[in-house]
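Residue strings, one per chain:
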Amino acid sequence: MTNRETRRVLTEEDLSYLVERLRIFDAHAGARPYSRAELWGSVMELYLTAKTRADRETFAELVGALRVLDALERHFLRRE
């Protein structure tokens, strides 16, 4: 790894902060600190209970945001 790659790291606290700051997760981010499994579970619950087009659109937006968080976690989370 180069110096540039080793400097680009996130911690669990960083991910928790991101989730807290993203308003899209306000109703779904009950877990503090960030818990990937609980957040995905909450979003999937929305999918199972969606009755309107707006609910389905919200679900799609949440999944997109979760995919971004997953990519950040996969590529930048520091694992000790």
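Refer to the structure above for everything that follows.
Before going into details, it helps to say that this report is about the structure given with it.

Calculation notes
Along each chain, the written sequence defines residue order, and numbers are assigned to residues from 1. Totals for whole chains, interfaces and linings use all residues, but because this is a predicted model, local features are given only for residues with pLDDT of at least 70 and pairs of side-chain atoms are given and counted only at 80 or more. To get the side-chain values, take all heavy atoms of the structure and skip hydrogens and water. Secondary structure elements are taken from DSSP: a helix is a run of H or I of four residues or more, a strand is a run of E of two residues or more, and numbering for both begins at the N terminus. Each residue's exposure class comes from its accessible area (1.4 Å probe, protein chains only) as a fraction of the maximum for that residue type: buried when under 20%, exposed when over 50%, partly exposed otherwise. Note on definitions: a residue-residue contact is assigned when non-hydrogen atoms from the two residues lie within 4.5 Å. Working rule for helices: expected span equals 1.5 Å times residues minus one. Note that the arc is computed from the directions linking the helix axis to the C-beta atoms. Salt-bridge detection follows one rule: a side-chain nitrogen of Lys or Arg within 4 Å of a carboxyl oxygen of Asp or Glu. Only buried residues count toward a nonpolar core. Its members are Ala, Val, Leu, Ile, Met, Phe, Trp, Tyr and Cys residues joined through side-chain atoms within 4.5 Å.

A look at the environment of aspartate 55
Here is step 1: You can see aspartate 55 is positioned in helix H4 (residues 53-76).
Here is step 2: Overall, aspartate 55 belongs to the partly exposed group, its relative accessible area being 27%.
Here is step 3: Excluding anything up to four places from it in sequence, aspartate 55 contacts Leu46 and Ala50.

Here's the deal with helix H3 (residues 36-49)
Here is step 1: Look at H3: 20 Å from first C-alpha to last across 14 residues, which is about the 20 Å you get at 1.5 Å a residue.
Here is step 2: Regarding H3, the residues found buried are Leu39, Ser42, Val43 and Leu46. In an axial view of H3, the angular spread of the buried residues amounts to 90 degrees, which keeps them on one side of the axis. Opposite the packed face of H3, turned more than 90 degrees from it, sit the exposed residues Ala37, Glu38, Glu45 and Leu48.
Here is step 3: At its buried positions, H3 is contacted by helix H2 (12-21) and H4.

As for H4
Here is step 1: Taking 1.5 Å per residue, 24 residues should reach 34 Å; H4 reaches 34 Å between its end C-alpha atoms and fits that length.
Here is step 2: Taken residue by residue, H4 has Phe59, Leu62, Val63, Ala65, Leu66, Leu69, Asp70 and Glu73 as its buried positions.
Here is step 3: Lining the buried residues of H4 we find H2 and H3.

Let's talk about the pattern of salt bridges
Side chains bearing opposite charge may pair, as long as their charged atoms lie close to each other.
Here is step 1: This structure, assessed with the given rule, holds two salt bridges.
Here is step 2: With its nearest N and O atoms 3.0 Å apart, the salt bridge here joins arginine 36 to aspartate 70. Of this pair, arginine 36 sits in helix H3 while aspartate 70 sits in helix H4, placing them 34 residues apart in sequence.
Here is step 3: In this structure arginine 36 comes out as partly exposed when scored by relative accessible area, which is 41%.
Here is step 4: With its nearest N and O atoms 3.0 Å apart, the salt bridge here joins arginine 53 to glutamate 57. Taken together, the residues arginine 53 and glutamate 57, both in helix H4 and four residues apart, mark about one turn of the helix.
Here is step 5: The exposure class of arginine 53 is exposed, given its relative accessible area of 61%.
Here is step 6: Owing to a relative accessible area of 40%, glutamate 57 belongs among the partly exposed residues under this scheme.

Let's talk about the nonpolar core
Here is step 1: Counting residues in hydrophobic clusters, the biggest one holds 15 residues, and the most contacted among them are Phe25, Leu39 and Leu69.
Here is step 2: Put simply, the parts of the chain that give this core at least two residues each are H2, H3 and H4.
Here is step 3: The biggest single contributor to this core is H4, with six residues.
Here is step 4: Setting aside anything within four residues of it in sequence, one finds leucine 69 in contact with Leu15, Leu18, Val19, Phe25, Tyr34 and Leu39.

Take it as geometry only, folks, not as evidence of what the structure does.
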